[in-house]
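The primary structure of each chain is shown beneath.
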Amino acid sequence: MRNRRAALAVIGGAVSLALTLSACGGETSESSSSERGTIGIAMPTQASERWLTDGKSVVENLQGKGYKTKLVYGEDDPDTQVSQIEKLIKQGIDALIIAAIDNKSLNGVLQQAAAADIPVISYDRLILGTKNVDYYVSFDNEQVGRLQALHIIDELGLEDGKGPFNIELFAGSPDDNNTKYFYEGAMHLLQPYLDNKQLVVRSGQTALKEITTLRWDGPTAEKRMNRVLSQSYGSENVDAVLSPYDGISLGILSALKSDGYGSGSKPLPIITGQDAELASVKSIIAGEQSQTVYKDLRQLAERAAFMADDILNDDTPELNNRRAYGNGVKSVPAYLLQPVSVDKTNYDKILVGGGYYTDAELK
Ligand code: GAL
């Protein structure tokens, strides 16, 4: 335990901040934020709206608790993220909150964090292959996949025996641990319909390794959808696309539109998504993308800030995971939030009613 953390553990909270000030002879020049410490926040990319919201919300929550913050974005380059975290460690931070770009690339730099006694919270994406990660805060990621599958099952009437329908499957980045949870959650519900041929994947690409999208990149998904359409769909139409993330959904939509979908005898297929990003919610309202999975990032950020605060006060953070999250080296204690399926029928109630977007933003 470093002295700073030991001291923070003793003072913990606003009441003891006053005690500390009086113990220091009433000196008030040191702001409460410098008493509380500085927290480094490493986010993956500014290219996606959701991570901008995450970064901003984590900073607001921590500053509200009196911490200083240093927020960096790795622009989806694992090496950049590693050097950014190295720099934060050298600058002398008290805790790290990290949403990894490549979940296996952080072993070395987290060794440096451990040597400097800096606790690490794995934010949204579980960091793998290292003992130097203390807590994990995320959503129930298998449930995200289940919600996407349920939307497809409901919209196509699969439970009523309708079909056969053509479906294509997309997954997230292979270096993101969430990818397999989303895929497994969705496939658990879709597999029976693939087995009984109510759902047919004309491309034949159903294994996770065949359908991933490096760095969740929309244009990469667009290219794959173009290929699938030209190689596997002649006179047939695709009826549904399992997409794990809004940026990917918009790439798929763009490929479909350039192939003539969305007009005449070629209606757009059911297309799922995730993150309730503004462009996708607008697309849902316009009747193009059909669904997204909303994860209230304000809650995620708040939870991460609570965790950091508890760790630095030597309190045990509140946890709610029903199972241990193995990262290949250790079981990481976790707090998981619940995702919500959003489509045309409930976006207003959930997103506007919940204060996530204003009416004006969705116009
Ligand atoms: C995942 C995250 C998703 C989505 C995706 C692309 O790790 O859980 O919500 O944001 O990354 O950024």
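Residues numbered from 1 in each chain as written. Predicted model: local features only at pLDDT ≥ 70, side-chain atom pairs only at ≥ 80, totals over all residues. Heavy atoms only, no water.

1. Quick notes on the overall build of the protein
- What the protein contains, in helices and strands, is 14 helices and 14 strands.
- When the 363 residues of the protein are sorted by exposure, 53% land in the buried category.
- Put simply, of all contacts in the protein between residues at least 6 apart along the chain, 72% involve residues at least 24 apart.
- If you sum the accessible surface of the protein, you get close to 15,200 Å²; carbon and sulfur atoms cover 49% of it. (Helix = DSSP H or I, 4+ residues; strand = E, 2+ residues; numbered from the N terminus. Buried < 20%, exposed > 50% of the residue type's maximum accessible area, 1.4 Å probe, protein only. Contact = heavy atoms within 4.5 Å. Areas by Shrake-Rupley, 256 points an atom, 1.4 Å probe, with all protein chains shown as cover.)

2. Description of the site of the ligand
- Residues in close proximity to the ligand include R50, W51, D124, R125, D176, N178, F182, W216, Y245, Q274, D275 and K295, which together make up its full environment.
- Here an oxygen atom of the ligand sits 2.7 Å away from a polar atom, N or O, in the side chain of R125.
- Contact with the protein chains hides 98% of the accessible area of the ligand, taken as 300 Å² for the molecule alone.
- Those elements that place two or more of their residues in the shell around the ligand are α4 (49-64) and α8 (177-195).
- Residue composition of the shell around the ligand, by class: four nonpolar, two polar and six charged.
- For the shell around the ligand, the two domains that each supply at least three residues are domain 1 (5-139 + 296-332) and domain 2 (141-294 + 344-349). (Near = heavy atom within 4 Å. Polar contact = N/O pair within 3.5 Å; in protein donor to acceptor, adjacent residues only side chain to side chain. Nonpolar A, V, L, I, M, F, W, Y, C, P; charged D, E, K, R; others polar. Domains from an automatic or database assignment.)

3. Quick look at the sheet that holds strand β6 (residues 165-169)
- Pairing within the open sheet is parallel, and its four strands lie in the order β7-β6-β8-β9. Strands with a single pairing partner mark the edges of an open sheet, and in this sheet they are β7 (199-200) and β9 (270-271).
- The sheet contact formed by β6 and strand β8 (residues 240-242) spans three bridges and is parallel. When the sheet's bridge partners are listed, L169 is paired in β8 with L242.
- Along the sheet, α8 makes contact with β6, β7 and β8, crossing β6 at roughly 145 degrees. (Pairing = 2+ DSSP bridges. Axes fitted to C-alpha atoms, helices over the stretch in contact; angles between N-to-C directions.)

4. Observations regarding the packing of helix α7 (residues 141-156) against α8
- At a minimum axis distance of 7 Å, the contact between α7 and α8 shows a crossing angle of 35 degrees. Judged by the twist between their axes, the crossing of α7 over α8 is right-handed. Contact residues: α7 offers N141, E142, V144, G145, R146, A149, L150, I152 and I153, while α8 offers N178, Y181, F182, E184, G185, A186, L189, L190 and Y193.
- Taken together, the residues of the contact of α7 with α8 break down into eleven nonpolar, four polar and three charged. (Left-handed = near helix turned anticlockwise from the far one by under 90°.)

5. Quick look at the nonpolar core
- Counting 38 residues, the largest nonpolar core has I39, M43, V58, L62, I97, Y123 and L351 as its most contacted members.
- Listed by contribution, the elements that provide at least two residues to this core are β1 (38-43), α4, β3 (95-98), β4 (120-123), β5 (135-139), α13 (297-312), β13 (334-337) and α14 (347-352).
- Top element by residues in this core is α13. It accounts for nine residues.
- The residues that make up this core include at least three from each of domain 1 (5-139 + 296-332) and domain 2 (141-294 + 344-349).
- Membership of the second largest hydrophobic core comes to 26 residues, among which are V82, V120, L126 and I127. (Core = buried A, V, L, I, M, F, W, Y, C linked by side-chain atoms within 4.5 Å.)

6. Comments concerning the side chain of Q148
- Its place among the elements puts Q148 in helix α7.
- A polar contact is formed between the side chain of Q148 and the backbone oxygen of G273, at a distance of 3.0 Å.
- The residues touching Q148, leaving out its near neighbours within four places in the chain, are L242, S243, P244, T272, G273, Q274, Q291 and V293.

7. Looking at the packing of helix α11 (residues 246-258) against helix α12 (residues 278-285)
- Running from N to C, α11 and α12 point in directions that differ by 50 degrees, and their axes come no closer than 9 Å. In this view, α11 runs oblique relative to α12, as classed from their interaxial angle. Crossing handedness for the pair α11 and α12: left-handed. Across from D246, L250 and L253 in α11, the residues of α12 making contact are A279, S280 and S283. (Parallel < 35°, antiparallel > 145°, perpendicular 65-115°, else oblique.)

8. Concerning the environment of G262
- In this fold, G262 is placed in the loop between α11 and β9.
- Sequence separation between G262 and E288 is 26 residues; the distance between their C-alpha atoms is 7.9 Å.

9. Structural notes on the sheet that holds β3
- Strand order across the open sheet formed by six strands is β2-β1-β3-β4-β5-β13, with parallel pairing between neighbours. The outermost strands of the open sheet, each flanked by one partner alone, are β2 (68-73) and β13. Averaged over neighbouring strand pairs, the angle between their axes works out to 15 degrees when direction is ignored.
- Of the pairings in the sheet, the one linking β3 to β4 comprises three bridges and is parallel in character. Pairing of I98 across the sheet is with S122, part of β4.

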